[in-house]
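Breakdown of the fold
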Amino acid sequence: MGLKSPSKILRRLARALKPKHKCPTPASKSVPTPAPQKHMTPLPELPLDVYELIIDFVWPDRDALLACALTCRAWYARSRANLFYRVELYNLAQLSQYSAQLAADARVGHALRELYVTPYHAQSQLLGEFPFALAGKLPAVSRLRIDIRRDFYPYIAPGFHTALARFSSVTTLELWRVQFPTLGDFSALVCALPGLRSLACWMVDWVKKTYDAGALRDRKQCLKLHSLELRDMDWSDAFADWLFMAVTVQHLRKVSVLGVATKDVEYIEHLLEAAGSCVRSLDIGIVPRRSARPRTKTMSEWEGEVGK
């Protein structure tokens, strides 16, 4: 078989390399006809409740929630609900601003679940004012935290506890670093919340150590607590009397007493005997020498001293 001529080889190579579609020359003014497009099926959209679930997981990142609120109309309601899920008030100016928001849009108050009253230094009067400004406007709030950071206890107006009683949806009260004038002031504030089921106190005490036993009897069995948490508190006969008088201890399911001095262990023993077999969770932290313990620790630092 003879060799093919170079011209035939070049012609075959040219045909092999020839483009399948003819391209218009640069001088051509004609526009190529586009190829017919196949019908594209749009991607299915996720249900709105899936997006709302994702927005719930974004909390408490406020910057991300603000971005979600500005994304589209459908995301706005859920984003706003998460933005106002918790409100922290530090001074009277913030209280006034929040009250104005509630007056402009009542839905802001319906979104609130946690209210923190934590005044800065010399702003403790916020404690005496917030019930009057917010009573009846927060129908779904369930958690109230009061932390005046060992600042002076403010003047309490005569109608304070009546206004506080309108927070009927509150089931959890946290008192942090509050020094009451008397045990009666502590009792009046705690017992003013009719729906209270969980009480947590950290570094709570009172200046006047004597108490009116008759006033304690007026609070008889007013609290049906399911959870009681006491941290770094000075137990006394007065406080024990109030506890057994005002609280239905037979309903307790969770008891947490941390930073207990050895001399106060008998109070805990009486509490557990009265609660009986209803208790399902018990945390006890005992400090042998109370005077040797530094008072500057934070709550998170006490966790290592808890025995379960």
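As the structure is a computational prediction, the values presented were derived from the model and not from experiment.

Let us now look at the overall build of the chain. Scanning the chain from terminus to terminus reveals 13 helices and 10 strands. Contacts in the chain between residues far apart in sequence, at least 24 positions, make up 80% of those at least 6 positions apart. Carbon and sulfur atoms make up 58% of the accessible area of the chain, which amounts to about 18600 Å² in all.

Our focus in this paragraph is the nonpolar core. The tendency in soluble globular proteins is for nonpolar side chains to be buried side by side. Core analysis: the largest hydrophobic core is formed by 71 residues, its most contacted members being L115, F130, L134, F167, F186 and W242. The greatest single-element share of this core, amounting to six residues, is contributed by helix α11 (residues 237–246). When neighbours within four sequence positions are excluded, F186 is seen to be in contact with L175, F180, C201, V204, W206, F239 and W242.

For the rest of this paragraph, the subject is a negative patch on the surface. Together, D237, D241, E266, E269 and E273 make up a negatively charged patch on the protein surface. When residues of the negative patch are traced back to their parent elements, those giving at least two are α11 and α12 (265–275). Element by element, the count of residues in the negative patch is highest for α12, at three residues. Within the secondary structure, E266 is located in helix α12. The class for E266 is partly exposed, based on a relative accessible area of 44%.

Time to look at the environment of E114. Within the secondary structure layout, E114 lies in strand β2 (residues 114–117). Contacts of E114, omitting those with residues within four sequence positions, involve Y85, R86, V87, V141 and R143.

Of all five residues that make up strand β6 (residues 198–202), five are buried, and the element is covered over most of its length. Residues of β6 alternate between two faces, with S198, A200 and W202 on one and L199 and C201 on the opposite face, all of them buried. By the bridge criterion, five bridges tie strand β4 (residues 172–176) to β6 in an arrangement that is parallel. Counterpart to L175 in the pairing with β6 is C201. The pairing of β6 with strand β8 (residues 227–231) spans five bridges and is parallel. Within β8, the position partnered with L199 by the bridge is L228.

A separate point is the sheet that holds β6. The parallel open sheet is built from eight strands, whose spatial order is β1-β2-β3-β4-β6-β8-β9-β10. Among the strands making up the open sheet, the edge pair consists of β1 (86–89) and β10 (281–287). For this sheet, the mean angle separating the axes of adjacent strands, direction not counted, is 10 degrees. Of the pairings in the sheet, the one linking β2 to strand β3 (residues 143–147) comprises four bridges and is parallel in character. Along β3, the bridge assignment pairs Y116 with R145. The sheet strands contacting helix α7 (residues 125–134) are β1, β2 and β3, and the helix crosses β2 at an angle near 145 degrees.

A separate point is a nonpolar patch on the surface. Together, L46, V50 and I54 make up a nonpolar patch on the protein surface, roughly 240 Å² of accessible area in all. Structurally, the position occupied by I54 is in helix α2 (residues 48–58).

Let us now look at the environment of L112. Relative to the helices and strands, L112 is located in the loop between α6 (107–111) and β2. With a relative accessible area of 0%, L112 lands in the buried category. For L112 and S142, which are 30 residues apart along the polypeptide, the C-alpha to C-alpha distance reads 8.5 Å. Sequence-distant contacts of L112, that is, excluding residues within four places in its chain, are made with F84, Y85, R86, V87, Y98, L138, A140 and V141.

On to the packing of α11 against α12. Relative to each other, α11 and α12 sit at 10 degrees, their axes nearing to 11 Å. For the element pair α11 / α12, the angle class is roughly parallel. Here D237, A240, L243 and F244 of α11 come into contact with α12, specifically with Y267, H270, L271 and A274. Across the contact of α11 with α12, the residue classes tally to six nonpolar, one polar and one charged.

Glancing now at the pattern of salt bridges. Throughout the structure, instances matching the rule amount to 12 salt bridges. For R78, the salt bridge identified is with E52, shortest N-O distance 3.1 Å. Of this pair, R78 sits in helix α4 (residues 73–83) while E52 sits in helix α2, and the two are 26 residues apart along the sequence. Judged by its relative accessible area of 29%, R78 falls in the partly exposed class. Its salt-bridge partner being E174, residue R143 comes within 2.8 Å of it at the nearest N-O pair. Note that R143 is positioned in strand β3 and E174 in strand β4, a separation of 31 residues in sequence. What makes R143 partly exposed here is its relative accessible area of 22%. On the accessibility criterion, E174 (10% relative accessible area) is buried. One network of salt bridges, in which partners are shared, links R86, E114, R143, R145 and E174.

Definitions and limits used
Residues numbered from 1 in each chain as written. Predicted model: local features only at pLDDT ≥ 70, side-chain atom pairs only at ≥ 80, totals over all residues. Heavy atoms only, no water. Helix = DSSP H or I, 4+ residues; strand = E, 2+ residues; numbered from the N terminus. Contact = heavy atoms within 4.5 Å. Areas by Shrake-Rupley, 256 points an atom, 1.4 Å probe, with all protein chains shown as cover. Core = buried A, V, L, I, M, F, W, Y, C linked by side-chain atoms within 4.5 Å. Buried < 20%, exposed > 50% of the residue type's maximum accessible area, 1.4 Å probe, protein only. Patch = residues over 30% accessible without salt bridge, like charges linked within 9 Å, V, L, I, M, F, W, Y side chains within 5 Å. Salt bridge = Lys/Arg side-chain N within 4 Å of Asp/Glu carboxyl O. Lys, Arg positive; Asp, Glu negative; His and termini not counted. Charge placed at Lys NZ, Arg CZ, Asp CG, Glu CD. Pairing = 2+ DSSP bridges. Axes fitted to C-alpha atoms, helices over the stretch in contact; angles between N-to-C directions. Parallel < 35°, antiparallel > 145°, perpendicular 65-115°, else oblique. Nonpolar A, V, L, I, M, F, W, Y, C, P; charged D, E, K, R; others polar.

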